[in-house]
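Descriptive analysis of the structure
The primary structure of each chain is shown beneath.
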Amino acid sequence: MTRPAGAYALGVELSGGWVAKVADDDVRRDGVGLDVDDTAWAPVDVPGHWRGSDAFAGTDGPLVYRRRFHLDPPAEGTRAFVTFEGVMYQADVWLDGAYLGDPEGYFFPHTFDITGLARLADEHVLAVEVACSPQRQPGSKRAITGSLQHSDMIDPDANPGGVWRPVRIEHTGAVRIDRLRVLCRDANDARAHLRIHARLDNDSSRTVTVRTLVDGVVATEQNTTLAAGLNEVDWAVDVRRPRLWWPWSLGPQHLTDVAVEVLIDGEVSHRRALRTGLREVALQDWAFSVNGERLFVKGANLAPTAANLADVSPDQVRRDVELAREAGLDLVRVSGHIARAELYDAADEMGMLVWQDFPLQWGYARTVRKQAVRQAREAVDLLGHHPSIALWCAHNDPSPGVEGRAGTGANPARTLLAQQRPTWNGTILDRWVKRAFETNDETRPVVAHSGVAPHLPQLDGTDSHLFFGWFHGSATDLAGFAAAMPRMVRFVGEFGAQAVPSTADFMEPQRWPELAWEHLQAHHGLQLEVLDGHVPRAEHFSFESWRDATQRYQARVLRTQIETLRRLKYRPTGGFCFLALNDAQPAVSWSVLDHERHPKLAYQAVVDACRPVIVVADPMPPEVIAGEAIALDVHVVSDLRHALDDVRCTATLRWPGGSHQWAFTGSVPPDECVRVGMVRFVVPDATGELWLDLTLEHPEVTATNRSTSTLGARVSG
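For clarity, every value in this text was computed on a predicted model and none was experimentally measured.

**A look at the overall build of the protein chain**
- Looking only at helices and strands, one finds 12 helices and 36 strands in the protein chain.
- Taken over C-alpha atoms, the radius of gyration comes to 28 Å for the protein chain, in line with the 27 Å a tight globule of 717 residues would show.
- For the protein chain, the C-alpha atoms occupy an extent of roughly 100 × 65 × 45 Å along the three principal directions.
- Buried residues in the protein chain amount to 59% of all 717 residues.
- Long-range contacts, defined here as pairs at least 24 residues apart, represent 75% of the contacts in the protein chain between residues at least 6 apart.
- Surface exposure of the protein chain reaches about 28,100 Å², of which carbon and sulfur atoms provide 49%.

Okay, structure coming up:
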């Protein structure tokens, strides 16, 4: 068998050399044709975002882009297509003045057949009007851009509009594979079952051969009759004795290449290949399992790598996954957006599970339903082959009429009551999108939304967003809340506190204490009133002192709550995702890594709290009173897949002028949390600090922990 040269070769890459102009009626009428003088138009980056170009740094668009290029006419029996890999967010496209279509959706490619036009000449102009309207009605948005346009971690005045991914011309034979979806439904040591779906673009009625190759070996070959136009084709492939893909803490990350070829009379018309992993993922009562192995998930919400996705390198995207793994995390939640392709490739290769949010965040208008359903299918087509993706979530926090995270500041009980009434977003839109994911991907769990409490009629609910220690109460309140409402901590998808980053030049710290507070709140995420309630500015005489205090507070909140949730392992908690791993821009935010990926103190706190084996006691109150009786349970949490025998734990209580020690011995079962003993004491009559040091000793692993409390004077009478 021979393959015709160029039958599925990349034709022309149309990066660079674009010019643009702010769109108006005259530009739309006169600026899209072939014979237009565009010498006075301004250069603009493609791929890129228009605000990265000096001429358009202050505009919200829309813009008309133009690009002149040479293309040899397609040979007989071949076709030519233009593909926009990513347009933010809506567009109208022309070639040589002929209208091609109106793509909408930022994260997936849009392709148009240009065969007929390409045969008329060899010099062409591609024009595209790109619109990315500001979403000025936060409870009724119309663009499905999620956190990229509405987030408390990205400047609300930012605009990500542009042709942000490459544009290319592709040559194929008479039949092109327009979409290819590869899903692994189930897998074990004996067999893996793949479900494959292709959409074939055919120029006339014919019979073709569809061939599937797995790691270069032909797995199936079938003849299929196609009509002219788009044809949907489904088939299955069984892989015998597969090499399974595992999360990094459970096993190796074997990856499998799947290719599909369409042949006409024995010649390849088009070929597409995807790299996947053979694994089976499930979610039962918010506990994940992979290939039948249960896994308590330690995770973090992942913000966009940068506010402008085109402005970062593949290495920068990959680095965020590396930093998550270095912190001991099993999962990243791609929060409120769909990221660049390099992130999912890195997660596959490093064994990092992904909770994938669809880019719906907070409130949307009724007009988005049809587009949201369509784009959910596109998300499955684009990402479904990645073994790392363990969950689809249709909508993040669909609280009606709430701008930003202010709604989370309410008392948790009041928030729960507010979620009992039906809403357009939570009750209708989210169910449509959830159904779209389920229809197109039967291999993964799907949740309708995140941050919705149990509500009538089913009382099912989803994960919880619990901001004890920030919007309400203290960090230690989480334990009592979990005891009172265990269903609310089956999976905690957001929690944490803000802190000032180490890379803080944007805050102009030399102006302390007269910083541009209003500007920082409006454009850099700072929730000043809340932060002041926990770390008052008035108590600090320098910016550095205040910054460090905010970081210590954030670290204490995250460590306390991660340890609390790990002590509830599987009873009832299946895992958590703290807010957040990274910043997308200079910000005072929830992140533990700033926009330059310098760690805050909380990053090390996360590392320590997420080690495979920890020893932890119930948290001590911030202040204890002399004569007060204290009893603290001591637990060992192990994520190891084997038992630890002959473990010795010691607890040492120290205060100025004295100390006391307890010792416990025993075994720790695999993948379990066990109570090893209790520390009972009466608070000594002393001043200063009270320290409780815990140590676990075993030939295989050592773990330590320390908690402190302030010694208060005895209350008389």
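**Section: the packing of helix 3 (residues 314-326) against helix 4 (residues 341-350)**
- With their axes 8 Å apart at the nearest point, helix 3 and helix 4 run at an angle of 40° to one another. Accordingly, the angle class assigned to the pair helix 3 and helix 4 is oblique. Where helix 3 crosses over helix 4, the handedness of that crossing is right-handed. Here Pro314, Val317, Arg318, Val321, Glu322 and Arg325 of helix 3 come into contact with helix 4, specifically with Glu342, Leu343, Ala346, Ala347, Glu349 and Met350.

**Let's talk about the pairing of strand 29 (residues 613-617)**
- Burial analysis of strand 29 places five of its five residues in the buried class, which makes it a mostly covered element.
- Side chains Val613, Val615 and Ala617 project from strand 29 onto one buried face, and the interleaved Ile614 and Val616 project onto a second face that is buried too.
- Bridge analysis of strand 29 against strand 31 (residues 629-638) gives five bridges, and the strand direction is antiparallel. Following the sheet pairing, Val616 is matched in strand 31 by His635.

**Notes on unusual backbone geometry**
- Along the chain, Gly61 connects to Pro62 via a cis peptide bond; the corresponding omega equals 0°.
- Secondary-structure assignment places Pro62 in the loop between strand 3 (42-44) and strand 4 (63-70).
- Arg571 connects to Pro572 through a cis peptide bond whose omega is 10°.
- If you trace the backbone, Pro572 turns up in the loop between helix 11 (543-567) and strand 28 (575-578).
- Even without glycine at this site, Asn291 takes up a positive phi of about 55°.
- Considering the arrangement of structural elements, one finds Asn291 in the loop between strand 19 (287-290) and strand 20 (293-295).
- For Asn291, a relative accessible area of 16% translates into the label buried.

**A closer look at the pairing of strand 16 (residues 256-264)**
- Most of strand 16 sits out of view: eight of its nine residues are buried.
- Bridge count between strand 13 (residues 206-214) and strand 16: six bridges; the pairing is antiparallel. Bridging from a neighbouring strand, Leu213 pairs with Ala259 of strand 16.
- From the end of strand 16 to the start of strand 17 (residues 267-276), which pair antiparallel, there are two residues, and Asp265 there has a positive phi angle of about 55°.

**Comments concerning the sheet that holds strand 15 (residues 229-240)**
- The strand order 11-12-15 describes an open sheet built from three strands, whose pairing is antiparallel. Looking at the sheet topology across the chains shown, the edges are occupied by strand 11 (175-187) and strand 15. Strand-to-strand twist of the sheet, defined as the mean angle between neighbouring strand axes without regard to direction, takes the value 15°.
- Sheet topology note: the strand 12 (residues 191-202)/strand 15 ladder contains 12 bridges and is antiparallel. Opposite Arg195, over in strand 15, you have Ala236 as the bridge partner.
- Sheet contacts for helix 5 (residues 369-383): strand 11, strand 12 and strand 15; angle to strand 11, the most-contacted strand, approximately 80°.

**Things to note about the confidence of the model for the protein chain**
- The pLDDT averaged across the protein chain works out to 93; a share of 94% of its residues lies at or above 70.
- Segment residues 1-9 is flagged for pLDDT under 50; beyond a separation of four residues in sequence, or across chains, it makes 26 contacts in the model.
- Confidence drops under a pLDDT of 50 for residues 400-409, and excluding neighbours within four residues, the segment shows 24 contacts in the predicted structure.

**So, the nonpolar core**
- With 109 residues, the main nonpolar core has Tyr65, Phe84, Leu126 and Phe578 as its most contacted residues.
- Per-element accounting of this core gives the leading share, six residues, to helix 12 (residues 601-609).
- Each residue touching Leu126, except ones within four places of it in the same chain, is listed here: Leu14, Trp18, Tyr65, Arg66, Arg67, Phe69, Val82, Phe84, Val93, Trp94, Leu95 and Val167.
- Counting residues in hydrophobic clusters, the runner-up holds 46 residues, among them Leu194, Leu200, Leu353 and Cys577.

**Some remarks on the packing of aromatic side chains**
- Under the definition given, this model contains 25 aromatic pairs.
- Judged by centre distance (6.2 Å) and plane angle (75°), the ring pair of Phe288 and Phe491 falls under edge-to-face. Taken together, the residues Phe288 in strand 19 and Phe491 in strand 27 (residues 491-494) connect sequence positions 203 residues apart. Per residue, the accessibility class of Phe288 equals that of Phe491, and both read buried.
- Taken together through their ring pairs, the aromatic side chains of Tyr106, Phe107, Phe108, Trp164, Phe358, Trp392 and Phe437 make up a single cluster.
- One residue, Lys141, lies across the ring of Tyr364, its end atom 4.1 Å from the ring centre.
- Just above the ring of Trp517 sits the side chain of Arg537; from NZ or CZ to the centre is 4.6 Å.

**A word on helix 5**
- A rise of 1.5 Å per residue sets the reference length of helix 5, with its 15 residues, at 21 Å; its end C-alpha atoms lie 21 Å apart and thus fit the reference within 8%.
- Residues of helix 5 that are buried include every one of Gln371, Ala372, Gln375, Ala376, Glu378, Ala379, Val380, Asp381 and Leu383, and no others.
- Tucked into the core, helix 5 has its buried residues touching strand 11, helix 4, strand 23 (353-357), strand 24 (389-393) and helix 7 (424-440).

**Structural notes on the sheet that holds strand 34 (residues 672-682)**
- Here three strands make up an open sheet; going across it, the order is 29-31-34 and the pairing antiparallel. The open sheet terminates on both sides in strands that have one partner only, identified here as strand 29 and strand 34. On average, each strand axis in the sheet is inclined to that of its neighbour by 15°, with strand direction left out of account.
- Note: strand 31 against strand 34, 10 bridges, orientation antiparallel. The residue of strand 34 that forms the bridge with Ile630 is Phe681.

**Description of helix 3**
- Between the first and last C-alpha of helix 3 there are 18 Å, a value that for 13 residues agrees with the 18 Å anticipated at 1.5 Å per step.
- Among the residues of helix 3, Val317, Asp320, Val321, Leu323 and Ala324 are the ones counted as buried. Viewed along the axis of helix 3, the buried residues span an arc of 160°, placing them on a single side of the element.
- Contacts made by the buried residues of helix 3 are with strand 21 (297-302), strand 22 (331-334), helix 4 and helix 12.

**Thoughts on the state of the cysteines**
- According to the stated counting rule, one finds zero disulfides in the structure shown.
- You can see Cys577 has no disulfide; the closest cysteine sulfur is in Cys610, sitting 10 Å from it.

Cut-offs applied
Residues numbered from 1 in each chain as written. Predicted model: local features only at pLDDT ≥ 70, side-chain atom pairs only at ≥ 80, totals over all residues. Heavy atoms only, no water. Helix = DSSP H or I, 4+ residues; strand = E, 2+ residues; numbered from the N terminus. Rg over C-alpha atoms; globule rule 2.2 N^0.38 Å. Buried < 20%, exposed > 50% of the residue type's maximum accessible area, 1.4 Å probe, protein only. Contact = heavy atoms within 4.5 Å. Areas by Shrake-Rupley, 256 points an atom, 1.4 Å probe, with all protein chains shown as cover. Axes fitted to C-alpha atoms, helices over the stretch in contact; angles between N-to-C directions. Parallel < 35°, antiparallel > 145°, perpendicular 65-115°, else oblique. Left-handed = near helix turned anticlockwise from the far one by under 90°. Pairing = 2+ DSSP bridges. pLDDT = per-residue confidence, 0-100. Core = buried A, V, L, I, M, F, W, Y, C linked by side-chain atoms within 4.5 Å. Phe/Tyr/Trp six-rings, centres within 6.5 Å; stacked < 30°, edge-to-face > 60°. Lys NZ or Arg CZ within 6 Å of the ring centre and 35° of its normal. Expected span 1.5 Å × (residues − 1). Arc of directions from axis to C-beta. Disulfide = S-S within 2.5 Å.

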